[in-house]
Amino acid sequence: MTCRRDFLRLSAVAAAGGMLPGCGGSEFETAAAETWRHASSPPTEAVALARELVRCATLAANSHNTQPWHFSIGAETITVRPDLSRRTPVVDPDDHHLWVSLGCAVENLALAAAAYGRRAELSFDERAAAIGIALAPMAPVRSPLFAAIPQRQCTRAEYDGQRLPAVELGALASTASGPGVRALLITDRARIDQVAEYVIEGNNAQFVDPAFMRELKQWIRFSDAEALALRDGLSSRASGNPSLPRWLGELIFPWVVTAAAEKDKIARQLRSSPGVAVFVAAAEGPVHWIEVGRAYQRFALLAASLGIRNAFLNQPVEVASVRPKFAQWLGLGGLRPDLVVRFGRGPLLPPSLRRPVDAVLGGAASLRAGNRAGASAPA
Ligand SMILES: Cc1cc2nc3c(=O)[nH]c(=O)nc-3n(C[C@H](O)[C@H](O)[C@H](O)COP(=O)(O)O)c2cc1C
């Protein structure tokens, strides 16, 4: 999805035509700074603590930035459930990415709980489709991964191509392995080039699927005003591009975001990346996908703490006809590859936004306060 979210060419067209609006950049930056921070002091009161844990959870990576979660706060417990109104049924028909996203969120929550003196014990209730988190007192542990929560981002830029030292690769590989999950790190140039071929094959299949393109566009926030109003979705700015009014973005999107242009960009992005990590769970189903999310989130936080960037290129695991071929090439023996992530050193891009805590607390509250995909927003 990295490439299909990129609007460099779109921006170039707009800039050439002098069409870029004088947009609320500073308002976006203020919102981003308010989003990507730690609490100024450790929350002590129980509800304030639970709300801060939920806020940290929402800073996790999540598919299309749909933020597909509800949180309920109880006495020393927090329950996380999927927000099914935020599914992306075309790109994610079996809710794989949705459960991975919830896994990313609960990993942030557990790290924040430890920093604030609570051990988070996670359980999964399959019947209720809910993740229960029991909180018990412990000595606070402010881990480097917790410290990196506000620094982490999916960085869809080109990297510098420089190989990472073995000690960093070793640390990333072991942090990214968890209960029933392993991360295969590919650093051989010829094999990375082969990964590019699977990504391009998947990307080509998605680009000729009108339902896929419709769903993707629904989650793009072309303008700052739209991103600021909804605080979700894929903002143009977070892809390193300027704000455009939706009417203009939608008009030129099909002309500038094409399969051929994406192909070149995928190749460039992977050539600039000294490594690719493929996350693989021991089995399929929500409980395993949650663990994949937890493992990825740890990987991304460790990477952020080391100044290493990462971004997904999930096309080979999203497209059903490509996935088995990719799995076979990886030698997975029937297991499903869950995530494809490139990494390396490079520049940061502007961050994405998040909905406020009140918008994700409780079922009804979430639907009222949250802005669902397709909800109207200023252009
Ligand atoms: C399960 C999952 C799948 C994702 N797939 C892609 C992808 O294929 N391409 C991409 O550019 N980003 C992908 N992302 C990244 C999200 O778009 C990103 O996390 C979200 O926009 C929020 O931005 P942030 O991570 O920088 O905070 C994925 C994230 C998750 C958790």
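This text goes with the structure placed above it.
Residues numbered from 1 in each chain as written. Predicted model: local features only at pLDDT ≥ 70, side-chain atom pairs only at ≥ 80, totals over all residues. Heavy atoms only, no water.

Description of the overall build of the protein
Counting secondary structure elements, the protein contains 16 helices and 10 strands. Put simply, the protein has 379 residues, and 56% of those count as buried. Sequence separation of 24 or more characterises 78% of the internal contacts of the protein that already satisfy a separation of 6 or more. Accessible area of the protein: about 14600 Å², with a carbon and sulfur share of 57%. (Helix = DSSP H or I, 4+ residues; strand = E, 2+ residues; numbered from the N terminus. Buried < 20%, exposed > 50% of the residue type's maximum accessible area, 1.4 Å probe, protein only. Contact = heavy atoms within 4.5 Å. Areas by Shrake-Rupley, 256 points an atom, 1.4 Å probe, with all protein chains shown as cover.)

Here we look at the packing of aromatic side chains
Throughout the structure, instances matching the rule amount to 12 aromatic pairs. Ring centres of Phe222 and Phe253 lie 6.4 Å apart, and the angle between their planes is 85°; this geometry places the pair in the edge-to-face category. Of this pair, Phe222 sits in the loop between strand S6 (220-221) and helix H9 (224-230) while Phe253 sits in helix H10 (residues 246-256), and the two are 31 residues apart along the sequence. Judged on exposure class, the residue Phe222 and its partner Phe253 are both buried. (Phe/Tyr/Trp six-rings, centres within 6.5 Å; stacked < 30°, edge-to-face > 60°.)

Side note on helix H2 (residues 25-35)
Those residues of H2 not exposed but buried are Gly25, Phe28, Ala31, Ala32 and Thr35. One face of H2 carries all of its buried residues, which in axial projection span an arc of 125°. Residues Ser26, Glu27, Thr30 and Ala33 are exposed on H2 and point more than 90 degrees away from its buried face. Those residues of H2 that are buried are in contact with helix H3 (46-58), H9 and strand S7 (234-235). (Arc of directions from axis to C-beta.)

Some words on the environment of Ala120
Within the secondary structure, Ala120 is located in strand S3 (residues 118-125). Measuring from C-alpha to C-alpha, the distance between Ala120 and Ala134 comes to 5.6 Å, with 14 residues separating the pair along the chain.

A word on the sheet that holds strand S8 (residues 275-281)
Across the sheet, which stays open at both edges, the 4 strands sit in the order S5-S8-S10-S9 with antiparallel pairing between neighbours. Because the sheet does not close on itself, it has two edges, and the strands there are strand S5 (181-186) and strand S9 (309-312). Put simply, the sheet's adjacent strands are angled 25° from each other on average, direction ignored. Pairing of S9 with strand S10 (residues 337-344) involves 4 bridges; the strand directions are antiparallel. Directly across from Ala311, in S10, lies its bridge partner Arg342. Its contacts with the sheet place helix H14 (residues 323-330) against S5, S8 and S10, and it is angled at close to 65° to S10. (Pairing = 2+ DSSP bridges. Axes fitted to C-alpha atoms, helices over the stretch in contact; angles between N-to-C directions.)

Some remarks on the packing of H3 against helix H4 (residues 96-115)
The packing of two helices is summarised by the inter-axis angle and the distance between the axes. Where H3 meets H4, the axes come as close as 7 Å, and the angle between the chain directions of the two elements is 135°. Relative to H4, H3 is oriented oblique. The element H3 and its partner H4 pack so that their crossing is right-handed. Contact residues: Leu53, Cys56 and Ala57 in H3; Ala105, Asn108, Leu109, Ala112 and Ala113 in H4. When the residues that make up the contact of H3 with H4 are grouped by side-chain class, the tally is 7 nonpolar, 1 polar and no charged. (Parallel < 35°, antiparallel > 145°, perpendicular 65-115°, else oblique. Left-handed = near helix turned anticlockwise from the far one by under 90°. Nonpolar A, V, L, I, M, F, W, Y, C, P; charged D, E, K, R; others polar.)

With respect to the sheet that holds strand S2 (residues 77-82)
In space, the 4 strands of this open sheet follow the order S1-S2-S4-S3, with antiparallel pairing throughout. Looking at strand neighbours, the two that pair on one side only are strand S1 (69-74) and S3, the edges of this open sheet. Between one strand axis and the next, the sheet turns through 20° on average, direction left out of account. In this structure, S2 lies alongside strand S4 (residues 130-137), joined through 4 bridges in antiparallel fashion. Note that in S4 the partner of Thr79 across the bridge is Gly132. Contacting S1, S2, S3 and S4, H3 crosses the sheet at an angle of about 160° to S1.

So, the packing of helix H7 (residues 189-207) against helix H11 (residues 259-271)
Taken N-terminus to C-terminus, the directions of H7 and H11 make an angle of 155°; their axes are 9 Å apart at the nearest point. By the angle between their axes, H7 is roughly antiparallel relative to H11. The way H7 lies across H11 gives a crossing that is right-handed. Counted together, Arg189, Ile192, Val195, Ala196, Val199, Ile200, Asn203, Asn204 and Phe207 of H7 and Ala259, Glu262, Lys263, Ile266, Leu270 and Arg271 of H11 form the full contact between these two elements. Considering only residue class, the contact of H7 with H11 consists of 9 nonpolar, 2 polar and 4 charged.

Here's the deal with the nonpolar core
Taken as a class, soluble globular proteins show a tendency for nonpolar side chains to be buried jointly. One finds Leu53, Phe71, Ile78, Phe279, Tyr296 and Phe299 to be the most contacted residues of the largest nonpolar core, which totals 63 residues. With 12 residues, the top contributor of residues to this core is H4. Dropping the residues within four chain positions of it, Phe279 is found in contact with Ala176, Val181, Arg182, Ala183, Val292, Ala295, Tyr296, Phe299, Pro337, Asp338, Leu339 and Val341. If you look at the next biggest cluster of nonpolar residues, it comprises 22 residues, including Ile192, Ile200, Trp329 and Leu330. (Core = buried A, V, L, I, M, F, W, Y, C linked by side-chain atoms within 4.5 Å.)

Comments concerning H10
Among all positions in H10, only Arg246, Leu248, Gly249, Ile252, Phe253 and Val256 are buried. Taken down its axis, H10 places every buried residue within 145° of arc, on the same side. With respect to the buried face of H10, the exposed residues turned more than 90 degrees away are Trp247, Leu251 and Trp255.

Observations concerning unusual backbone geometry
Positive phi outside glycine occurs at Asn65, with the angle close to 50°. Looking at where Asn65 falls in the secondary structure, it is placed in the loop between H3 and S1. Even without a glycine there, the phi angle at Arg231 is positive, about 55°. As for its position among the elements, Arg231 is in the loop between H9 and S7.

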